[in-house]
Amino acid sequence: MSIITLTSDFGNLDYRVAAVKGKILSLNPEVNIIDITHDIQAFNLIQTSYIVRNAYKYFPKGTIHIISVDSFYNKSRKNILYKADGSYFLAADNGILSLIFFDIKPEAIYEITLNNRFDDIINFTSTDIFVPAAVHLANGGLPEVIGRKIDTAKQLMFPKPVYNESERMIIGEVTYIDNFGNIISNISKDFFENIGKGYNSFTIKFRNLTLSRVFSSHTEVVSDWERETEFHGQSAAIFNDSQLLELTIYKGSRKNGAKSLFGLNVGENIYIEFA
């Protein structure tokens, strides 16, 4: 059974998500539809890239991913299809796919030409372009039938951490805040370890707070499980399952997690000073 995933900034209050699912099922009632999320902040491509990049890898090869973020139709903007890492990704040509695959070269890129004649009326990109293209692929159709191969798509630069050698400091930034209020940075474990090889210690600095240890998981914060409740609310830094530096509050939530207690927002800097 073919799988089509949906990611959007539509929310679940309006009709749009239901319309997309209904259109898919009207074209092929056997398709397995999986929601990744519909709670993306409106037009937020960085947030979208983090979620899709970390979710798609768990799906079988050949899965078709519809990404309806910043996707409202305009004749001057292409809609594209990436074949990458063994699966298909459909989105507006707004740079989102370059953010998801900043370190993976796509196998092929297509401009979707389905319903793209001068007299075609597009009311809703997701139902009128993405869904017919996705179902065509789910039915075993070739991408060349619904699009023309192109060499490149819009490129956006994913924010990268930098190392200031004179200050002996990594400068990163907050790129994502999750449902538990955890603050995820763009500082990878590999980057941190490569820079830190020649130093004996480090201090993580953000706002007016500091941390001097990075745990390998949330539960490693607890040193005595018979007294586990005493560790609730403890602040910590970890490398999360995406191997990115994360600031967290143990057993925190959106209301009382790292976001609310540390006061950091997306785009703010996190520093790691070595000694």
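Relevant structure appears above.
Residues numbered from 1 in each chain as written. Predicted model: local features only at pLDDT ≥ 70, side-chain atom pairs only at ≥ 80, totals over all residues. Heavy atoms only, no water.

Visitor: Explain the sheet that holds strand β1 (residues 3-8) to me, please; I cannot follow it from the model alone.
Guide: Strand pairing in a sheet relies on backbone hydrogen bonds. The paired strands run either parallel or antiparallel. Reading across the sheet, the 7 strands line up as β2-β1-β3-β5-β4-β6-β7 and stay open at both edges, with mixed pairing between neighbours. Each having just a single partner strand, β2 (32-37) and β7 (147-150) make up the two edges of the open sheet. Averaged over all pairs of adjacent strands, the angle between strand axes in this sheet comes to 25 degrees, irrespective of strand direction. Where strand β4 (residues 79-84) meets strand β6 (residues 108-112), 4 bridges bridge the pair, whose relative direction is antiparallel. Paired with Tyr82 across the two strands is Ile109, which belongs to β6. Lying over the sheet, helix α4 (residues 125-138) contacts β1, β3 (64-68), β4, β5 (87-92) and β6, oriented at roughly 170 degrees with respect to β3. (Pairing = 2+ DSSP bridges. Helix = DSSP H or I, 4+ residues; strand = E, 2+ residues; numbered from the N terminus. Axes fitted to C-alpha atoms, helices over the stretch in contact; angles between N-to-C directions. Contact = heavy atoms within 4.5 Å.)

Visitor: So what exactly am I meant to see when it comes to the pattern of salt bridges here?
Guide: Should their charged atoms come close, side chains of opposite charge can pair. According to the stated counting rule, one finds 12 salt bridges in the structure shown. The salt bridge partner of Arg77 is Asp70, with a shortest N-O separation of 3.3 Å. A relative accessible area of 23% means that Arg77 is categorised as partly exposed. Taken together, the shared-partner salt bridges connect Asp224, Arg227 and Glu230 into one network. (Salt bridge = Lys/Arg side-chain N within 4 Å of Asp/Glu carboxyl O. Buried < 20%, exposed > 50% of the residue type's maximum accessible area, 1.4 Å probe, protein only.)

Visitor: Would you mind showing me how to read empty space enclosed by the protein here?
Guide: To locate leftover empty space, one rolls a probe as large as a water molecule over the atoms. For the structure on display, the rule yields 1 cavity of 30 Å³ or more. Each pocket or cavity is described by its volume, and for the largest cavity that value is around 30 Å³. Taken together, Leu6, Thr7, Ser8, Phe10, Val20, His38, Ile66 and Ser68 form the lining of the largest cavity. Among the elements of the structure, β1 and β3 are those that each provide at least two residues to the lining of the largest cavity. The greatest single-element share of the lining of the largest cavity, amounting to 3 residues, is contributed by β1. The class makeup of the residues in the lining of the largest cavity is 4 nonpolar, 4 polar and no charged. (1 Å grid on protein atoms, 1.4 Å probe; cavity = no way out; pocket = protein on both sides within 12 Å on 5 of 7 lines; lining within 4 Å. Points joined across faces, edges and corners; volume = space filled by probe spheres on them. Nonpolar A, V, L, I, M, F, W, Y, C, P; charged D, E, K, R; others polar.)

These figures come from the coordinates and say nothing about function on their own.
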